[in-house]
Amino acid sequence: DTGVSQNPRHKITKRGQNVTFRCDPISEHNRLYWYRQTLGQGPEFLTYFQNEAQLEKSRLLSDRFSAERPKGSFSTLEIQRTEQGDSAMYLCASSPPVSYGYTFGSGTRLTVV
Amino acid sequence: GEDVEQSLFLSVREGDSSVINCTYTDSSSTYLYWYKQEPGAGLQLLTYIFSNMDMKQDQRLTVLLNKKDKHLSLRIADTQTGDSAIYFCAESILFQNFVFGPGTRLSVLP
């Protein structure tokens, strides 16, 4: 197992376009998390899945954001009608059912121009 | 609400000890963590401490927790240039979502 994998590593998009990111967690991990990290800040929680169920969503996750984990394995995060303020690093993490910490992926850096 | 604060920068000389401090506000936090982030990389879990402990040692790392003052510190002994990174303090309640601090950028001078 190579850890948590995120694709793409970098994405540049024009304002108003839709983007989709993918996260492949560690295979035996049933919990999956999305965080957003802007420059000079710590990661901020966006949403959390346990298997295929989305159990918690942050207020940061506006209507333009949607996340899915259809089969309880990989997850996608879609941002519709991107805005410049969406530029950030989007981090995915996974963990087993009871764990003292997550394993993070390397992130997808989104730049909206 | 939950809030985690850290000083933003720390500079030490190679071989010295580094102490990175963190304060948090949520008294119901059950676990407190230290993560390390190197440039262009994701976050790496360094160590964690349960809220009913006051100290944990793991090789060069020592975590001290003062629950009364809601103060957490990370001491790195014999700091090396490879320790240069951003260190994030985080809190969680029962393995749910984490609240991270803004990170402390540690620079190790030769």
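Source: prediction; values computed, not measured.

1. Considerations on the overall build of chain A
Stage number 1. Looking only at helices and strands, chain A has zero helices and 11 strands in total.
Stage number 2. Mapped from its N terminus to its C terminus, chain A presents α and β elements in the order β-β-β-β-β-β-β-β-β-β-β.
Stage number 3. When the backbone C-alpha atoms are referred to their principal axes, chain A occupies close to 40 × 25 × 20 Å.
Stage number 4. Counting only residues that meet the buried cut, chain A has 49% of its 113 residues in that class.
Stage number 5. Across chain A, the fraction of contacts at a sequence separation of at least 24, relative to all contacts at a separation of at least 6, is 53%.
Stage number 6. Accessible area for chain A stands at about 5700 Å²; split by element, carbon and sulfur atoms hold 45% of it.
Stage number 7. Here chain A carries 14 positive and 11 negative side-chain charges, and the mean point of each set is 6 Å from the other.

2. Some remarks on the environment of A:P8
All names here are of chain A.
Stage number 1. Secondary-structure assignment places P8 in the loop between β1 (5–7) and β2 (10–13).
Stage number 2. In the structure, P8 is positioned 62 residues away from P70 in sequence and 19 Å away in space, judged by C-alpha atoms.
Stage number 3. Ignoring any residue separated from it by four or fewer positions in sequence, one finds P8 in contact with T20, F21, G107 and T108.

3. A word on the pattern of salt bridges
All names here are of chain A.
Stage number 1. Scanning all chains against the criterion turns up five salt bridges over all chains.
Stage number 2. Between E83 and R64 there is a salt bridge, with the nearest N and O atoms lying 3.4 Å from each other. Of the two residues, E83 sits in the loop between β8 (75–79) and β9 (88–95) while R64 sits in the loop between β6 (53–57) and β7 (65–68), which places them 19 residues apart along the sequence.
Stage number 3. For E83, a relative accessible area of 41% corresponds to the partly exposed category.
Stage number 4. The exposure class assigned to R64 is buried, which follows from its relative accessible area of 12%.

Criteria and cut-off values
- Residues numbered from 1 in each chain as written.
- Chains lettered and ligands numbered in written order.
- Predicted model: local features only at pLDDT ≥ 70, side-chain atom pairs only at ≥ 80, totals over all residues.
- Heavy atoms only, no water.
- Helix = DSSP H or I, 4+ residues; strand = E, 2+ residues; numbered from the N terminus.
- Buried < 20%, exposed > 50% of the residue type's maximum accessible area, 1.4 Å probe, protein only.
- Contact = heavy atoms within 4.5 Å.
- Areas by Shrake-Rupley, 256 points an atom, 1.4 Å probe, with all protein chains shown as cover.
- Lys, Arg positive; Asp, Glu negative; His and termini not counted.
- Charge placed at Lys NZ, Arg CZ, Asp CG, Glu CD.
- Salt bridge = Lys/Arg side-chain N within 4 Å of Asp/Glu carboxyl O.

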